[in-house]
Amino acid sequence: MSTTKRATPFVRSKAVPLPVPGQRNVLVTSALPYVNNEPHLGNIIGCVLSADAYARFARLRGYNTLYVCGTDEYGTATETKALEEGVSCQALCDKYHALHKSIYELFEIDFDLFGRTTTPQQTTIAQDIFNKVEANGFVTRDTLTQLYCETCQRFLADRYVEGTCPHCKFTDARGDQCDACQKLLNAADLIQPRCKLDGSKPVTRETTHLFLDLPKLTPQLTEFVDTKSAAGKWSANSIAITRGWLKEGLKPRCITRDLKWGTPVPLEGFTDKVFYVWFDAPIGYPSITANLTPEWERWWKNPKDVQLYQFMGKDNIPFHTVIFPSSLLATRENWTLLHHVSTTEYLNYEGGKFSKSRKTGVFGSNVRDTGIPVSVWRYYLFANRPETSDSDFSWKDFIARNNNELLNNLGNFVNRVVKFVASPKYASVLPAFEWAVHPVDIQLVADIDTLLTQYLDALEHVKIRHGLQLAMAVSARGNQYLQDNKLDNALHAADPKRCAQVLGHAANVAYLLAALFYPYMPATAASIARQLNAPQPKYPASFAAGPLLAAESSHAIGKPEYLFKRIDEKLEGEFRAKYGGQTAGGSAADAAPVVDKKAAKKAAAAKKAADPVKLVEKMDPAKITPAARELQAKVAAQGEKVKTLKTAKADATTVANEVDVLLKFKADLLAEVQAIAGGK
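Everything numeric in this text was worked out from a predicted model, so none of it was measured. (Residues numbered from 1 in each chain as written. Predicted model: local features only at pLDDT ≥ 70, side-chain atom pairs only at ≥ 80, totals over all residues. Heavy atoms only, no water.)

What is the right way to read the overall build of the protein chain from this model?
Helices and strands together make up the secondary structure of the protein chain, namely 24 helices and 20 strands. Buried positions account for 54% of the 680 residues belonging to the protein chain. A separation of at least 24 residues holds for 79% of the contacts in the protein chain among residues at least 6 apart in sequence. Carbon and sulfur atoms form 53% of the exposed surface of the protein chain, whose accessible area is close to 29500 Å². (Helix = DSSP H or I, 4+ residues; strand = E, 2+ residues; numbered from the N terminus. Buried < 20%, exposed > 50% of the residue type's maximum accessible area, 1.4 Å probe, protein only. Contact = heavy atoms within 4.5 Å. Areas by Shrake-Rupley, 256 points an atom, 1.4 Å probe, with all protein chains shown as cover.)

Written as structure tokens, this is what we have:
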């Protein structure tokens, strides 16, 4: 008996994929997850899962596709976490790399390699890039004043400093941000700063660092952004954030740190320093590829034949559209640069934030504990993917989508078709039938063909959530077809030929669904193909061209399986109790640290009274210094920028970043005014 008529089987090759000149070659990366924590659902959909869907789609289209990712393991956060756990940095990285790897395997992420940045290849490639950048004149030096712990005998990164917030007076603010008022901070701004490691009071010392000369690279970077953002159809958010950096004017970016855990700087006078993580980490993409194949440059130094697609959360955009491309451009080598950037907003949890410390939200290992198949998790995350705005995970919606969409739509359609063929009437043999002869069948084929075309176009343009909606629309059209034609025992008895026609067309729709859902739910796709006793199909160019399963001769199917099971609505309360979420009294998801209300109120009043703009307006014009006038102009211009963004309803992160710039200008202006008033 014939297995398939027209479908092209897909077999995932075990060989390392390499680009082929003249063919479509797709290089896919997802932002490297930091190694010091366990990923939650928002982390997973934000990078690795979204990239997995596109990589699977590209492979099923027949493109030469490489998908690499790995843990980002160097930097201050690793040192801090290792100290907290009382282990070495390497032991910490080994532990969390294994944890991440196991979670992504659970989620069926099909990497070509999930590697790590603590490898000899990382050191070699990062140092080689730096040496070329430095030799080409794109590295500068500058002396900075930093906090230094005389007890530890080390310069303190912001994360190593704690103290009182200068804004709200919260006494346990970190050197980079206050958890109480959420203000971004500089460690030197803290009141009564203390070393996090031993509690001693740090002193200030000067240290010399290396900087990537972004101003000098601005012309090349601008040309790159203009060309690639149009050709690769970057998202509006990506373009806005990148152009915001360019419009503001790029500044030299420090690329070294006074740490031990990192890639050593290969330059005399700086060998006691390491590269800053955001210079070093993106180089993990080519270095992980180099761990997979010695021919890594065929992917990474081949812009003529290879297109690079990168997936990340919105907070990582400037590092992939400004910093990393600038580093590669500065080598003056022929690197494969970013073609398309796919970003997500934030996935929240039950109206609040994911928080491991507060036991709020679903983290990777929790997924296994629920006993709910990973296909359901993948479906929900894709259906709720925060593509243009933040989205929210809720148990009520999660259960409803499983029961109403997966079970009642997709599961019902496939199961009804397969069970009917498996019944004694057909004894698990799909009967011969004529393709698209009856007007109803012709309309079905035309409708499915239109949806297939739209689906392929959506995923070609990395519209992942829309692609899933179109796949579900195909399943819904199949259900409608069964209902309209009343596929049941009565039809078989009254008109067996028509029954065979309906069954044949429905089985072909089901088989097409095995291709459409492969990027989203590979285990579900495999089950559909197995039940139909057919290989995993590639995408057909057209559904109207002919049946995917044999029509002229009979085809034996496999055993029916349930694709999905109903989740009891009563479990919503149990899951929310176990993993946190909103309660009748409000949201317990993200309780903020307790703040001294009197101190905060006093600080707010003082801030209002010390409005630097109003203070300048009240000053004697003869006493206003050039520096104050310059800062006054910056405050006015930045204020207009923030106002424009708010009016245009720009995303919250972009607005917040620009507000932070405005506050910094105001703080500088206030300091200048105070200096003038003090006669300094």
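I keep staring at the packing of aromatic side chains and nothing clicks. Help me out?
Summed over the entire model, instances satisfying the criterion amount to 35 aromatic pairs. Plain terms: the ring middles of Trp395 and Phe398 are 5.5 Å apart, the flat faces sit at 80° to each other, and that makes the pair edge-to-face. A residue pair is termed a helical-turn pair when its members lie 3 or 4 positions apart in one helix, as Trp395 and Phe398 do in helix α14 (residues 395-422) at three residues. Between Phe420 and Tyr426, the aromatic rings sit 6.1 Å apart at their centres with planes inclined by 45°, giving tilted as the arrangement. Taking the relative accessible area as the measure of exposure, Tyr426 reaches 12% and is therefore buried. One aromatic cluster is present, formed by Tyr349, Phe354, Phe363, Trp377, Tyr380, Phe393, Trp395, Phe398, Phe575 and Tyr579 through successive ring pairs. (Phe/Tyr/Trp six-rings, centres within 6.5 Å; stacked < 30°, edge-to-face > 60°.)

Honestly, empty space enclosed by the protein in this entry has me stumped. Any pointers?
The rolling of a water-molecule-sized probe over the atoms marks out the regions of remaining empty space. If you walk through the whole model with that rule in mind, you get one cavity of 30 Å³ or more. Its boundaries defined by the atoms lining it, the largest cavity holds a volume of some 40 Å³. Considering the residues around the largest cavity, the lining is formed by Phe224, Leu308, Gln310, His320, Phe324, Pro325, Leu328, Leu337 and Leu338. Taken together, the elements giving at least two residues each to the lining of the largest cavity come down to β13 (306-313) and α11 (317-329). With four residues, the single largest contributor to the lining of the largest cavity is α11. By residue class, the composition of the lining of the largest cavity is seven nonpolar, two polar and no charged. (1 Å grid on protein atoms, 1.4 Å probe; cavity = no way out; pocket = protein on both sides within 12 Å on 5 of 7 lines; lining within 4 Å. Points joined across faces, edges and corners; volume = space filled by probe spheres on them. Nonpolar A, V, L, I, M, F, W, Y, C, P; charged D, E, K, R; others polar.)

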